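Spelled out from the first residue to the last, the chains are:
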Amino acid sequence: MVTLIGVSGSLRRGSYNSAVLQAAAALMPAGSELRIESIAGIPLYNGDVESASGVPGPVSCLKDVIAAADGLLFVAPEYNNSMSGVAKNAIDWLSRPPADIARVFGGKPVAIAGASPGGFGTTLSQAAWLPVFKTLGADLYSRSRLLVSRAGTLVDANGEITGACRASAIDGHNTAARRRVHRRRRDSRSRGSRRRTRRGGDARCGRDGCTGSSPRGGRCRRA
Ligand SMILES: Cc1cc2nc3c(=O)[nH]c(=O)nc-3n(C[C@H](O)[C@H](O)[C@H](O)COP(=O)(O)O)c2cc1C
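Description of the structure in this document.

Cut-offs used in this document
Residues numbered from 1 in each chain as written. Predicted model: local features only at pLDDT ≥ 70, side-chain atom pairs only at ≥ 80, totals over all residues. Near = placed C-beta within 6 Å. Helix = DSSP H or I, 4+ residues; strand = E, 2+ residues; numbered from the N terminus. Nonpolar A, V, L, I, M, F, W, Y, C, P; charged D, E, K, R; others polar. Buried ≥ 20, exposed ≤ 12 C-beta atoms within 10 Å, placed from the backbone. Pairing = 2+ DSSP bridges. Core = buried A, V, L, I, M, F, W, Y, C linked by C-beta atoms within 7 Å. Contact = placed C-beta atoms within 7 Å. Expected span 1.5 Å × (residues − 1).

## Comments concerning the site of the ligand
1) Next: Every one of the 14 residues lining the ligand counts as a neighbour, but Ser10, Ser15, Asn17, Pro77 and Ser116 are closest to it.
2) Next: Every element with two or more residues in the shell around the ligand is listed here: α1 (16-26) and β4 (78-79).
3) Next: A per-class count over the shell around the ligand returns five nonpolar, seven polar and two charged.

Shown next as C-alpha cells:
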C-alpha cells in the first residue's frame, strides 16, 4: 500500500484547495491512499516559543506522520502572487529543528497543487514553493502542474469538485505521484538501502493532540 499524506494550505471552511484535496483522496488508484491531515492546530512560528518549549505538539505530530508516509500532496492557495502566510508558516514549523529536516522531507516525494477563483489557478504560488521544497531536500514532482482555476464554478454545495477535471487532471496527477513513489522505492531497493521513511503500518502517530482531522472542503488542468 502506498500512503500519501494530503495537506491543504487553507483553513477556510469552504476552501477550494481543501475541496481539491478531498477529490484527490477519492480518486487514488487501487493499492494507494491519500490521508488528509490538517495544519489548523499549528500556531504562528515564534523562535522564543521554540527555544523555551521546542516544537509544538501538532507540529511534531504532523512531522512524524509525513516522515512515515510515502509522499506528500500539498494543495495550497495563492495570495498576492505567492504562497499564503498560513501555508508557509506551517511548512516553516515543520522544518524545525533543522537537524530533523532530512527525516521529514529528505528525499520525500512531494507534489504541489492549488486552486483559485481566478484564471491562473495558483501558477505563481506553485512556482514560489519550488525553492522552499528544494531547500528542504524533498523529491519534488515538477513535471507538470495541477492548476484548478475558476474554482468557484467547480465546487458544488457540498464542497465537492464537479466536472470532468476529476477524472482527467486530478486522476492524472495522483497516478503520476504514485508512479514517483514506486520509482523511488525501486531506486532505493537497487541501492540496497530502503529509506527509513517507509516502515509500513499506520501513518498517524496517535499522539495526544494529533487528530488527523479532515478539512472539508473552472477548470482543472495539468500544465
Ligand atoms: C490576501 C489574499 C490575496 C490573494 N491573492 C490572490 C492571488 O494573488 N492570486 C489568486 O489567484 N487569488 C488570490 N486570492 C484569492 C484566493 O485565491 C481565494 O481567496 C481562494 O479562495 C483561497 O483559497 P481557499 O478557497 O482554498 O481558501 C487572494 C486572497 C486573499 C485573501
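## Some points on the pairing of strand β8 (residues 146-149)
1) Next: Residue alternation in β8 divides its side chains into two sets, Leu146 and Val148 and Leu147 and Ser149, and both sets are buried.
2) Next: For strand β6 (residues 109-115) and β8, the ladder comprises three bridges, and the chain directions are parallel. In the strand pairing of β8, Ala115 is matched with Val148.

## Considerations on the environment of Ile91
1) Next: Relative to the elements of secondary structure, Ile91 occurs in helix α4 (residues 85-94).
2) Next: In sequence terms Ile91 and Val132 are 41 residues apart; their C-alpha atoms lie 8.8 Å from each other.

## Side note on the nonpolar core
1) Next: The biggest cluster of nonpolar side chains holds 57 residues, and the ones touching the most others in it are Leu4, Val20, Ile66, Leu72, Leu73, Phe74 and Val110.
2) Next: Of all the elements, helix α3 (residues 57-68) adds the most residues to this core, at seven residues.
3) Next: Filtering out sequence-adjacent residues up to four positions away, Leu4 remains in contact with Ser32, Leu34, Ala69, Asp70, Gly71, Leu72, Leu73 and Ala177.

## Regarding the pairing of β6
1) Next: The buried fraction of β6 amounts to seven of the seven residues, a majority that puts the element mostly inside the structure.
2) Next: Of the two faces of β6, both are covered, the one formed by Pro109, Ala111, Ala113 and Ala115 as well as the one formed by Val110, Ile112 and Gly114.
3) Next: Relative to β6, strand β3 (residues 71-75) runs parallel, the two being bridged by four bridges. Residue pairing in the sheet places Leu72 in a bridge with Val110 of β6.

## A word on the environment of Ile5
1) Next: Position of Ile5 relative to the elements: it lies in strand β1 (residues 2-8).
2) Next: Sequence spacing of Ile5 and Asp70 is 65 residues, and the spatial spacing of their C-alpha atoms is 7.9 Å.

## Topic: α3
1) Next: Taking 1.5 Å as the rise per residue, α3 with twelve residues should run 16 Å; its terminal C-alpha atoms sit 17 Å apart, in good agreement.
2) Next: Of all twelve residues in α3, ten are buried; the element is thus mostly enclosed.
3) Next: Of the positions making up α3, those classed as buried are Pro58, Val59, Ser60, Cys61, Leu62, Lys63, Val65, Ile66, Ala67 and Ala68.
4) Next: Those residues of α3 hidden inside the fold are in contact with β1, β2 (32-37), β3, α4 and α5 (101-105).

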